[in-house]
Number of protein chains: 4
Amino acid sequence: MDKRIGFAGLGLMGQRMALNLLRKGFPLTVWNRTPERCEPLAKEGAAVAKTPRELAERSDVVVACVADPAAVERLVFADDGLLGGVRPGFRYLECSTVSPDTTRRVQAALRERGADALEAPVTGSKNGAANATLLFMTGGDKAVHEELLPVMMAMGTKAIHCGGMGQGSTVKLVGNGVISFMLEALCEGIVLGRKAGVPLETIVEVIQASGYASPYYAFKGAAIAKRDFEEHFAIDLLVKDQTLLLELASSLKSPMPGMAAIREVFQSARARGLGREDICAVVKALETAAGL
Amino acid sequence: MDKRIGFAGLGLMGQRMALNLLRKGFPLTVWNRTPERCEPLAKEGAAVAKTPRELAERSDVVVACVADPAAVERLVFADDGLLGGVRPGFRYLECSTVSPDTTRRVQAALRERGADALEAPVTGSKNGAANATLLFMTGGDKAVHEELLPVMMAMGTKAIHCGGMGQGSTVKLVGNGVISFMLEALCEGIVLGRKAGVPLETIVEVIQASGYASPYYAFKGAAIAKRDFEEHFAIDLLVKDQTLLLELASSLKSPMPGMAAIREVFQSARARGLGREDICAVVKALETAAGL
Amino acid sequence: MDKRIGFAGLGLMGQRMALNLLRKGFPLTVWNRTPERCEPLAKEGAAVAKTPRELAERSDVVVACVADPAAVERLVFADDGLLGGVRPGFRYLECSTVSPDTTRRVQAALRERGADALEAPVTGSKNGAANATLLFMTGGDKAVHEELLPVMMAMGTKAIHCGGMGQGSTVKLVGNGVISFMLEALCEGIVLGRKAGVPLETIVEVIQASGYASPYYAFKGAAIAKRDFEEHFAIDLLVKDQTLLLELASSLKSPMPGMAAIREVFQSARARGLGREDICAVVKALETAAGL
Amino acid sequence: MDKRIGFAGLGLMGQRMALNLLRKGFPLTVWNRTPERCEPLAKEGAAVAKTPRELAERSDVVVACVADPAAVERLVFADDGLLGGVRPGFRYLECSTVSPDTTRRVQAALRERGADALEAPVTGSKNGAANATLLFMTGGDKAVHEELLPVMMAMGTKAIHCGGMGQGSTVKLVGNGVISFMLEALCEGIVLGRKAGVPLETIVEVIQASGYASPYYAFKGAAIAKRDFEEHFAIDLLVKDQTLLLELASSLKSPMPGMAAIREVFQSARARGLGREDICAVVKALETAAGL
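Small disclaimer: the values here were computed from a predicted structure and weren't measured. (Residues numbered from 1 in each chain as written. Chains lettered and ligands numbered in written order. Predicted model: local features only at pLDDT ≥ 70, side-chain atom pairs only at ≥ 80, totals over all residues. Heavy atoms only, no water.)

(A) Just the overall build of chain A, in detail. Across its full length, chain A holds 13 helices and 9 strands. A globule of 292 residues ought to have a C-alpha radius of gyration of about 19 Å, and chain A, at 20 Å, matches this closely. Along the first, second and third principal axes, the C-alpha set of chain A runs to 65 × 45 × 35 Å. In chain A, which comprises 292 residues, the proportion classed as buried is 65%. (Helix = DSSP H or I, 4+ residues; strand = E, 2+ residues; numbered from the N terminus. Rg over C-alpha atoms; globule rule 2.2 N^0.38 Å. Buried < 20%, exposed > 50% of the residue type's maximum accessible area, 1.4 Å probe, protein only.)

And the structure:
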C-alpha cells in the first residue's frame, strides 16, 4: 500500500475512482485540466499537481481516466506532459477508453524511458466507479498486470488480462459495441411495441424470462420506463467509442454493418442535443423517427 | 387432464412438444403435412389424423407449430382444413411464430363458429422444447389463456399474457429481433477480435463479467468456438421472423434501422447456403465479408 | 385504332394516361374504385363501367394502373372482377408497379381463358403521364408486347421489352431502387452541406458538372431548394415499391444492404406524416435526424 | 505562362496531371516519395526535386496530388517539408482529396509565412487526368482561385469555387459519396437482376432511358459487363474518402445512414483483397454476399 498514486482526469468516472483509491489508503495526487474539479478530492486529503509532469514526478503509478485520444495526447506528450516526469520503474495505468494505436504509442514512449504502461479500460459506469465494482480489461505485459492488480482492485472487483498492449482496448471497444447493439435492440422494440399497444414492461418481462435475458435490459428498461435519462454513460462518450471501434474495424478491414447502422442512430441523438444524456436516451431519437 | 389434444406440425420443435404432451398423459392425435413425421409419435401412442379437419374433429384443443403464415393458411383455411372441424367450445393454440395479422384472422374465423384461439409463440429453441422448459408469449382473451395454461405447462415452464390477439406475436417477433441484434453483436465482435488477435474466449469472458452479460452469449459463444453449427434455431426461420418483424414495423410506420441492416447479413448467410444451419452460423457470412 | 380500351385506376398517373388514350382516338371505358374519379373522363367522352367485370366485357384491352398488389387482386380476382369478363383474345396491360409474383399469377389466370397479359410498369411520374412521355418496361411474350405497342405509344415514347412475365416488374423495382439511392445521396449531401455552410446550389452545380451528373439531381435539387414538396411521386408509393423490391430480393436471396438502410429513412418520413408528399420530402426526415 | 510549377505526388492521377502542365508549357519540377516515379516526367523535360522543401524553393506554385491526410502532413510539415521553402507570395494548390481540417491547417501555416493555399480536389478519374478534362472544386479566397485558374485550366476544363477553405473538400467528399450511392445502387440491382434472369444490359438500358439516367451508369455498367476491373479509381481510395466523409458528418453531427451502410460493403470488398481494383469491383463483394 505504499505506492504513491497519481490520478489524471476527474470526470464522472475519474472522481469516483480516485476517491476509492484515497479511501483504501493510497497516497494520492490528482490533476485535472480544469483545476476546480480537484477541490473535492483535495478536501479528502489528496495533493494537487499543477501539471501532468508534476503528477508523474510525485507518483510511482499514474492512473488516467480521460475523455478521448486527444486528451491522452495532451496528458502524455504535451510540453508539460507526463513523459517529462517519467523515470525507470514508473508505471502508467490507462483506464481511458481510447484506440489501440494510442495505447501502443504511449507504451512505446514509456519503454524508451525504462518505464511501462498497462491499458485497463473499465466497464461498470458511474455506479461501478462509485462502489468500486469496476471490471478492468487489460492489455500489456502480464507481469505489469500483476504488479498493478492491487491498484485496480482498489477501484474494482475484477481484471481480465486480454493480451498485449492494444488488445485490452480492442475488447473494451467490442464490449461497448455489444452495449450499443443491445440498447438499440431494446429501443427499436420498445418503440414498435408502443405503436402496437404493448407496454414496455411486458417486453422487458418477456426478454428477462428468456434465454437471452440480461441484467442490462432490466436496468435500462426501468430507466426508460421512468423517462430517467440522467447520465450514467453519456451518448457523446458512447458515440466516441463507436467511432473508435469503426475506425479500428476499418483499419483491420473487418466490416461491421450492424454497428455502422446503429452508430448513425446514436449520432442522430447527438444531433438532436442529447449528447450529455444517458445512452438510453437514444430511444428519443427513435421515437422522433417514428413520428411519436 | 382429460382434454383431447391435437397437434399439427411435427418439425424440430413440434415433435418434441407433442411428445411432452403425450408423456404428461394427454390423449394425443397428430397431423403433419408429410405424414412420415407422424410415425415416431404414433409409436409412442399418438393417433394420426389424415387431414387438419379430422384433427380438429378428434380434439378439444389443437396446438399448431408450423413454419410460417402460409403454412397456417393451409392448416386452417384449406378445403380439408381445421375450420371444417371446428364447433363451439373448440380451442386453437397457435404456437407458430407468425404475423399478428395472421393470428387475428384465424381468431375471427374461429369466433364466427363459437370457438376461440390463443396465440402462444414460444422461445427456448430445440432444447427448451425437449425439456419442456419453453416460455409462451400469449395474445388473446385472458380467460382463454387461463383455460389453456395446463396444456402450455405440459410443454413449458412459463406463459406471459401480453395482451389481445396479435400482441403475443408482436412481443415474440421483438424478442427474435433482440436475439438477432445480440448474435450480430457477438459475431461482429468475434470477427474483429480474430483480426486483432484476441481470442473469442476472451471476448466472451469479458462480456460475461460485465453488466450486460447474458447466458445467450455463453451458449452461442461456445458453439462458435467449437464450430458447432447444428440447428437449434435455423437461419431460414430467423430470417422469416426478421422479415415478419420488419413488415410489422413497416405497417406500423416504426423505423428499425438496426434490424434492417442486420437482416441483410443473415440474408447473406442464407444466400451462401447456410439457411438450414443454426443462427450462429451467421458468423460465417461475416468471416467471408472480412476476407477470412 | 379500333381497339376498345378499358382503363382501371384513375389516380395521379392513371387519369392522365387515360386522357391521352382518349385524345389519341381510342374508344375508352373507365372504372375506378371510388366512382367520382371517373367524372372528368366521362365529361371528355369516356364510358363508365360499374365493375371491373363490365370493364373487361366492354373492352379488347384493359389497362390497369392501381396502387399495389392488393388492388390488383381486387381488380382481377374479386367476384365482380375482370376475370369474369375475359374471353379468348382479350389482353390485359398491367401498368401498376407490383411484384413479379402478382403479374405471373394474373397472366396464368388469363391464359387459362385463352387471353394474355403484358406487364408494363412505367416511369416518368406525373409529368410523363400528362405529356405522354412515359417509358414502359414490359414483361411477357414479345408478340403481345408488339401487339400492345400502339396502346403504349399513345401514353409514352418508349417501351423496352425486359423478358418474360415478372422481369418487367423486376427491372421497374430495381429502377425505383436506383431513384431511392440517388435521392438519399442528394439529401444526405444537402443536409451535410447545410451544416458545413455549403449552399445546396453549389452541391448540385458540382454534381451536374461531373461524370455522374443526371437530370434527376437538377430536377429534385431545384424542388428542394424551393421547398416544393408537392407530389410527383408520393413517399407512400415509393416505400411500397422499396418494400416490394426488398421482398423480391429476399425471395431471391440477394442481399441489398444499401437499399435496406435507405428504406428505413423513407419509412421515417412516412412515420412523420410525409407519406403523401413528394419523395424529395425525405430531406425533411434527414434534417430532423440532424437536429435542423 | 511564366509561373514555375512544382508537382508533388505522381500517382495514377498526378503523373497525368503533371504531364499536361508540362505540355502546356509550364516550367515544371516534380517530387514523389518514391523517386522512380519521377523518371517518365524527367524524360519529358521536368526537373526533379530531392525534397518537398526543395520543390517549394524552386517553384512559384506547388500542386499536390497525394493519397491521404497523412501524406499531406508529411509533404507539408515534415523536417524537409514544403513549409521550409515557402516565402511571401508562394501558392499551394491542394488537389488531393483530404479533410477540411487538413486543408485549413495547411492554409493557416502558409498564411503565417505570407503565402496562401487553395484547395482544389478534382473529379474525372484517370481519363479526365489524361485528357485534361478534370473538374476542380475549390475552397479558399476567390482571388487565389482566379490567380490559379490558368494552372487548373491546363489540367482540366472547369473550376467551381465552393466557398472558403474546407468547403471545396466538403463538396468533393459529398460528390464521392454520391458516386458511392450510385455504384451501390447499380451493383445491388445488377446482382438481383442476375438472380432474376434479367441481363445487366437491360437494366442499364432502362436506367439510361429514364429521367434518372447518368453517363456514369453507362460507363460503369459497360465495365462490369466486360468484367473489366482495371483501376480508374481504386476501392482503397474511395473507402478513404467515404471514411473522411463519415468523419466530417460525425463532427458536424449530420447522420448519414445510407453512406454508413454502403461504406461497409466497400470495406468488405477491401477485406477480400480488391482494394487496388476499380470501384466497380464492389459488385464482386455483393456477388459473394449473394452466394454467386
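(B) Region of the structure containing the relation of the copies chain D and chain C. Aligned on chain C, chain D shows an RMSD of 0.1 Å; the corresponding rotation is 180° and the shift along the axis is 0.0 Å. Those values place the two copies in the arrangement expected of a two-fold rotation axis. When C-alpha distances to the rotation axis are compared across chain D, the minimum falls at D:S214, with a value of 2.3 Å. A high fraction, 100%, of the interface residues of chain D reappear at the interface in chain C, so the copies pair face to face through one surface. (Least-squares fit on C-alpha atoms with pLDDT ≥ 70 in both. Contact = heavy atoms within 4.5 Å.)

(C) The pairing of strand β2 (residues 28-31) of chain D, seen in detail. Residue and element names in this part refer to chain D. Because side chains alternate across β2, one face comprises the buried residues L28 and V30, and the other comprises T29 and W31, equally buried. Bridge count for strand β1 (residues 5-8) against β2 is 4 bridges, and the pairing is parallel. Across the sheet, the residue bridging to A8 is W31, located in β2. Crossover connection from β1 via helix α1 (residues 14-23) to parallel β2: handedness right-handed. Across 2 bridges, the pairing between β2 and strand β3 (residues 47-48) is parallel. Directly across from T29, in β3, lies its bridge partner A47. (Pairing = 2+ DSSP bridges. Right-handed = clockwise from strand over helix to strand, strands pointing away.)

(D) Structural detail: the packing of helix α9 (residues 200-208) of chain B against helix α10 (residues 215-225) of chain B. Residue and element names in this part refer to chain B. Orientation of α9 relative to α10, taken along the N-to-C sense of each, is 175°, at an axis distance of 10 Å. By the angle between their axes, α9 is roughly antiparallel relative to α10. On the side of α9, the interface is formed by L200, E201, V204, I207 and Q208, while α10 contributes P215, Y217, A218, G221, I224 and A225. For the contact of α9 with α10, the residue count by class is 8 nonpolar, 2 polar and 1 charged. (Axes fitted to C-alpha atoms, helices over the stretch in contact; angles between N-to-C directions. Parallel < 35°, antiparallel > 145°, perpendicular 65-115°, else oblique. Nonpolar A, V, L, I, M, F, W, Y, C, P; charged D, E, K, R; others polar.)

(E) Seen up close, the pairing of strand β5 (residues 91-94) of chain D. All names here are of chain D. Across the two faces of β5 the burial is the same, with R91 and L93 and Y92 and E94 all buried. Here strand β4 (residues 61-64) runs beside β5; their pairing, made up of 4 bridges, is parallel. Bridge pairing in β5 links V61 to R91. Where the polypeptide runs from β4 across helix α4 (residues 69-77) and back to β5, its parallel neighbour, the crossover connection is right-handed. Across 4 bridges, the pairing between β5 and strand β6 (residues 116-119) is parallel. Bridging across to β6, Y92 finds its partner in A117. Since β5 and β6 lie parallel, the crossover through helix α5 (residues 100-112) that links them has a hand, and here it is right-handed.

(F) Examining helix α1 (residues 14-23) of chain A more closely. Within α1(A), the full set of buried residues consists of A:G14, A:M17, A:A18, A:N20, A:L21 and A:L22. Backbone geometry just downstream of α1(A) places A:G25 in the positive-phi region, at approximately 100°.

(G) Focus on the interface of chain A and chain D. Facing the 15 residues of chain A at the interface are 15 residues of chain D. For the interface between chain A and chain D, the tally reads 0 salt bridges. In this assembly, chain A and chain D are joined by 4 residue pairs in polar contact (both at pLDDT 80 or more). For the side of chain A that touches chain D, the elements supplying multiple residues, two or more each, are α11 (235-251) and α12 (257-271) of chain A. Among the elements that take part in the side of chain A that touches chain D, α12(A) stands out by supplying 8 residues, more than any other. Classifying every residue of the side of chain A that touches chain D gives 6 nonpolar, 4 polar and 5 charged. (Salt bridge = Lys/Arg side-chain N within 4 Å of Asp/Glu carboxyl O. Polar contact = N/O pair within 3.5 Å; in protein donor to acceptor, adjacent residues only side chain to side chain.)

(H) View of the side chain of B:T102. Residues and elements named next belong to chain B. Among the secondary structure elements, T102 is positioned in helix α5 (residues 100-111). For T102, a relative accessible area of 6% puts it in the buried group. T102 has contacts with P69 and V72, leaving out every residue within four places of it along the chain.

(I) Local environment of the state of the cysteines. On inspection of all chains with the given rule, the structure shows 0 disulfides over all chains. The thiol of A:C65 is unpaired, and the distance to the nearest cysteine sulfur, on A:C95, comes to 6.1 Å. Not engaged in a disulfide, the cysteine B:C280 finds its nearest cysteine sulfur in B:C187; these two sulfurs lie 7.0 Å apart. According to the relative accessible area criterion, B:C280 is buried, its value standing at 0%. (Disulfide = S-S within 2.5 Å.)

(J) Spatial organisation of the relation of the copies chain A and chain D. Overlaying chain A with chain D gives an RMSD of 0.1 Å, the required rotation being 180° about an axis along which the chain moves by 0.0 Å. Comparing interface residues between copies, 100% of those in chain A also sit at the interface in chain D, which points to an isologous, same-surface contact.

(K) Broad picture of the confidence of the model for chain A. The pLDDT averaged across chain A works out to 96; a share of 100% of its residues lies at or above 70. Interface scoring of the predicted complex returns ipTM 0.94; its pTM is 0.94. (pLDDT = per-residue confidence, 0-100.)

(L) Inspection of the packing of helix α12 (residues 257-271) of chain C against helix α13 (residues 282-289) of chain C at higher detail. Residues and elements named next belong to chain C. One can describe the packing of α12 onto α13 by two numbers: an axis separation of 8 Å at closest approach and a directional angle of 90°. In terms of orientation, α12 lies roughly perpendicular with respect to α13. Here V265, F266, S268 and A269 of α12 come into contact with α13, specifically with V282, A285 and L286. Across the contact of α12 with α13, the residue classes tally to 6 nonpolar, 1 polar and no charged.

(M) The interface of chain D and chain C, seen in detail. Each partner contributes residues to the interface: chain D has 56 residues there, and chain C has 56 residues. When chain D packs against chain C, the two sides together hide about 4600 Å² of surface, and 74% of this comes from carbon and sulfur. The three residues of chain D that bury the most area against chain C are D:E188, D:L192 and D:Y212, which together make up 15% of that side's buried surface. Summed over the shared surface of chain D and chain C, the number is 0 salt bridges. (Buried area = accessible area lost by both parts, 1.4 Å probe.)

(N) Focus on the pattern of salt bridges. Going through the model one piece at a time under the given rule, you end up with 80 salt bridges over all chains. Between B:R4 and B:D60 there is a salt bridge, with the nearest N and O atoms lying 3.0 Å from each other. Of this pair, B:R4 sits in the segment before β1 (5-8) while B:D60 sits in the loop between α3 (52-57) and β4 (61-64), and the two are 56 residues apart along the sequence. Between C:E264 and C:R263 there is a salt bridge whose closest N-O contact spans 3.4 Å. Exposure class is identical for C:E264 and C:R263. Each is buried. Several salt bridges converge on common partners, so that one network encompasses A:R111, A:D116 and A:D141.

(O) Here's a closer look at the side chain of D:N32. Residue and element names in this part refer to chain D. Secondary-structure assignment places N32 in the loop between β2 and α2 (39-43). With relative accessibility at 11%, the residue N32 sits in the buried group. Of the polar contacts made by the side chain of N32, one reaches the backbone nitrogen of L10; its length is 2.7 Å. At 2.9 Å, the side chain of N32 and the backbone oxygen of T34 are in polar contact. Residues within four places of N32 in sequence aside, it is in contact with G9, L10, R37 and C38.

(P) A look at the packing of aromatic side chains. Under the counting rule described, the total for this entry stands at 8 aromatic pairs over all chains. For the ring pair A:Y216 and B:Y212, a centre distance of 6.4 Å and an interplane angle of 80° mean the geometry is edge-to-face. Taken together, the residues A:Y216 in helix α10 (residues 215-225) and B:Y212 in the loop between α9 and α10 connect one chain to another. Residue A:Y216 shares its accessibility class with B:Y212, and that shared class is buried. (Phe/Tyr/Trp six-rings, centres within 6.5 Å; stacked < 30°, edge-to-face > 60°.)

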